[in-house]
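Structural overview
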Amino acid sequence: MDLDTTTLLTALAALLSLFWLRSWSSSKSTIPALDGADGLIASYRSALRVLGHGAELVRRGYTQHRTGVYRMPMLLRWEYVANAPAHIAEIAAAPEDVLSFHLGAAETLQTEWTMGSEIAHNPYHALAVRGSLTRNLARCFPQVQDEIVHAFADVLALEDMEWKLIDVVPTLMQIVARTSNRLFVGLPLCRDKEYLDLNINYTVSVFTRGQIIRLFPEFLKPLVAPLLSSRKSSLRHALKFLGPLIDARLADERAHGPEWAERPNDLISWLLDLATGEERTTPALALRVLITNMAAIHTSSMAARVVESEGWSKAALGSMHRIDSFLRESQRLGGSGPLAMTRKVVARDGFTFADGTHIPHGAFLNTPGHVVNTEPDSYADPETFDGFRFSRLREAVNADADADADAAKEAGPNPNANPTFFNRQMVSTAPDHLVFGHGRHACPGRFFAATELKAMLAYLLLHYDVKAETPGVRPPDDAFAMFRVPNARGRIWVRKRADLNSEA
Ligand code: HEM
């Protein structure tokens, strides 16, 4: 879909929305509206403004209602934003049958249209990521490490000591997709360019077209969404690669049961451990592989600077506090959109915070992701990138536990877990660090993401020199409404290091 078509559809959606007879009864809510956005005309004006200035409006709402909840006008309804840390902690702790993460995500990503309604109703792939994938990280790390070496060599394709200008986002997406798929589906498929491109294109399509579909009123979605969504064509395409692999795995399971000597330790097996009924078919399993790829690929872009040289075994990565700190800081500033942790209130009586603030049934409740990640009460000089902010803290408290303790805690009860681990690691979530969400639905893939990104950054630093295209300048993020991603046109210079080490 070209830019003109996108613009046209967006304009059409906005126009239709203006004529859509939205119920304004909720504007009589006791919860205050964003200042200047109350009333029919003002609210529509603000809702249109959200499309181009979402982050600015969320920051304004934070300044105006620092300790409370306010209503933000969107084109099709009012949404609620909770600013106070205590409220954020309550949202994080609420059970799925009170505040639904899955129905919140279904709205944000338009899951029914971009992925299929079964993904929201039976998200068992998240359990496979939280359990088996996380538990197997240490065992599978040598393969991930091996893939990083090959992926950097093939994707950067540097012949000699010359500097090469590379496009950051597409290059990192190739490397991340390939490394992740070494774990998900193994060799040789993880190196198939057509398969990787399919996963990357599907990821981009879910995030961009989901935002456009979201602009349309419900009654128009059945007409418009199938034209915009690439779900069916992507799944058909994915079956070309995954179909034979999954067919063979299902045949083996039928012949030998769930445990057999050469059973691969990969995502397909981890999904099969949990899949029941209709989920145990080739297309249904292929869709879960596609969705897990989408979750894994979407957020992995970062700035890189030389920090220090260490070995890069899994154990060494655990002690690489500065790389961990650098990535956490990078995510703190660039990793959350204006709104995070979207939840749909599904409890019949609505949701009431401990201080009595009441959110009605059916409403969407959010937290101001980027704003809390840059709250001056939590972070000194919060808008400044300080790569070693967290490693200094860590050195000060002299904590030595690493992400494994946290990962093991997530994967299941562990009587030997150390309760005093440092809680400002890359994988640690908090009401003032919402990059991976927080609470019950905090990203289950973050242990893998942290291991993979730390290994990638360490490898990059040991083997390549890197510099910004324009010294000291980070290109501004691309933003649309409440959606924010690294600048798609950002470029950096890369060359092989003169004193190239052979990998540890
Ligand atoms: C830097 C990389 C990543 C970031 C920033 C990230 C961020 C997030 C966020 C913000 C959420 C929602 C949390 C909430 O609303 O409370 C989430 C959920 C999720 N993420 Fe990630 N993620 C990353 C990598 C991954 C990877 C590598 C995987 C898979 C291997 C993954 C799988 C998932 C899944 C399955 C969920 C849904 C959780 C549930 O159903 O409870 N993510 N992620």
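Cut-offs and rules
- Residues numbered from 1 in each chain as written.
- Predicted model: local features only at pLDDT ≥ 70, side-chain atom pairs only at ≥ 80, totals over all residues.
- Heavy atoms only, no water.
- UniProt positions renumbered as here; feature names shortened; annotations may be inferred.
- Helix = DSSP H or I, 4+ residues; strand = E, 2+ residues; numbered from the N terminus.
- Contact = heavy atoms within 4.5 Å.
- Areas by Shrake-Rupley, 256 points an atom, 1.4 Å probe, with all protein chains shown as cover.
- Pairing = 2+ DSSP bridges.
- Axes fitted to C-alpha atoms, helices over the stretch in contact; angles between N-to-C directions.
- Core = buried A, V, L, I, M, F, W, Y, C linked by side-chain atoms within 4.5 Å.
- Buried < 20%, exposed > 50% of the residue type's maximum accessible area, 1.4 Å probe, protein only.
- Donors = N, O, S within 2.8 Å, 3.2 Å for Na, K, Ca; no water.
- Polar contact = N/O pair within 3.5 Å; in protein donor to acceptor, adjacent residues only side chain to side chain.
- Parallel < 35°, antiparallel > 145°, perpendicular 65-115°, else oblique.
- Left-handed = near helix turned anticlockwise from the far one by under 90°.
- Nonpolar A, V, L, I, M, F, W, Y, C, P; charged D, E, K, R; others polar.

With an unreviewed UniProt entry as reference, the chain is termed Cytochrome P450, source organism Mycena rosella. Check the Cofactor (unreviewed entry) section of the UniProt entry for the chain; it says "heme".

1. Structural notes on the overall build of the chain
Counting secondary structure elements, the chain contains 20 helices and twelve strands. Contacts spanning at least 24 positions in sequence make up 74% of the contacts within the chain whose residues lie at least 6 apart. When the accessible surface of the chain is summed, it comes to about 22300 Å², and 57% of that surface belongs to carbon and sulfur atoms.

2. Thoughts on the sheet that holds strand β3 (residues 99–100)
The sheet built from five strands is open, its strands ordered β1-β2-β8-β5-β3 with mixed pairing. Every other strand in the sheet has two partners, leaving β1 (69–73) and β3 as the edge strands with one partner each. Note: β3 against strand β5 (residues 340–345), two bridges, orientation antiparallel. Note that in β5 the partner of Ser100 across the bridge is Lys344. Each of β3, β5 and β8 (364–367) touches helix α4 (residues 101–109); the most contacted strand, β5, lies at about 110 degrees to it.

3. With respect to the nonpolar core
The biggest cluster of nonpolar side chains holds 77 residues, and the ones touching the most others in it are Phe152, Leu183, Tyr195 and Leu242. If sequence neighbours within four positions are ignored, Leu183 has contacts with Leu133, Leu137, Cys140, Val144, Asp266, Leu267, Trp270 and Phe448. By size, the runner-up hydrophobic cluster in this structure holds 38 residues, among which are Val58, Val69, Ile91 and Phe353.

4. Details of the sheet that holds strand β9 (residues 464–468)
Strand order in this open sheet of three strands is β4-β12-β9, and the pairing throughout is antiparallel. Across the chains shown, the open sheet's two edge strands, defined by having one partner strand only, are β4 (164–167) and β9. The sheet shows a mean angle of 35 degrees between the axes of neighbouring strands, taken without regard to direction. Two elements, β9 and strand β12 (residues 491–496), share five bridges in a ladder whose sense is antiparallel. Bridge assignment links Val466 to a residue of β12, and that residue is Val494.

5. Things to note about the coordination of the iron atom of the ligand
Protein coordination of the iron atom of the ligand is limited to a single donor, Cys443 (SG), which sits 2.3 Å from the metal. Looking at the element boundaries, Cys443 is found in the loop between α19 (403–411) and α20 (446–463).

6. Some points on the pairing of β8
The two faces of β8 match: Phe364 and Asn366 on one face and Leu365 and Thr367 on the other face are all buried. In terms of strand pairing, strand β2 (residues 78–82) meets β8 through two bridges, oriented parallel. Paired with Val81 across the bridge in β8 is Asn366. In this sheet, β8 lies alongside β5 in antiparallel orientation, the contact comprising three bridges. Looking at the pairing, Lys344 lines up with Phe364 of β8.

7. Considerations on the UniProt feature "binding site: heme" (unreviewed entry) in the chain
Cross-referencing UniProt, the feature "binding site: heme" (unreviewed entry) maps to Cys443 in the present numbering. Residue classification places Cys443 among the partly exposed positions, given a relative accessible area of 26%.

8. A short note on the environment of Lys221
Mapped onto the fold, Lys221 is located in helix α11 (residues 221–228). Distance from Lys221 to Gln110, taken between C-alpha atoms, is 9.9 Å for residues 111 residues apart in sequence. Within the local environment of Lys221, its side chain forms a polar contact with the side chain of Glu218, the two groups lying 2.7 Å apart.

9. Comments concerning the packing of helix α8 (residues 137–156) against α20
Interaxial distance between α8 and α20 falls to 10 Å at its minimum, and their mutual angle equals 40 degrees. As judged from the angle between their axes, α8 and α20 are oblique. The hand of the α8/α20 crossing is right-handed. On α20, the residues that touch Leu137, Phe141, Val144, Ile148, Val149 and Phe152 of α8 are Phe447, Phe448, Thr451, Glu452, Ala455, Met456, Tyr459 and Leu460. Residues belonging to the contact of α8 with α20 are distributed by class as follows: twelve nonpolar, one polar and one charged.

10. Looking at the environment of Thr134
Relative to the elements of secondary structure, Thr134 occurs in helix α7 (residues 124–135). Along the primary structure Thr134 and Phe447 are separated by 313 residues, whereas in three dimensions their C-alpha atoms are 6.5 Å apart. Within the local environment of Thr134, its side chain forms a polar contact with the backbone oxygen of Val129, the two atoms lying 2.8 Å apart.

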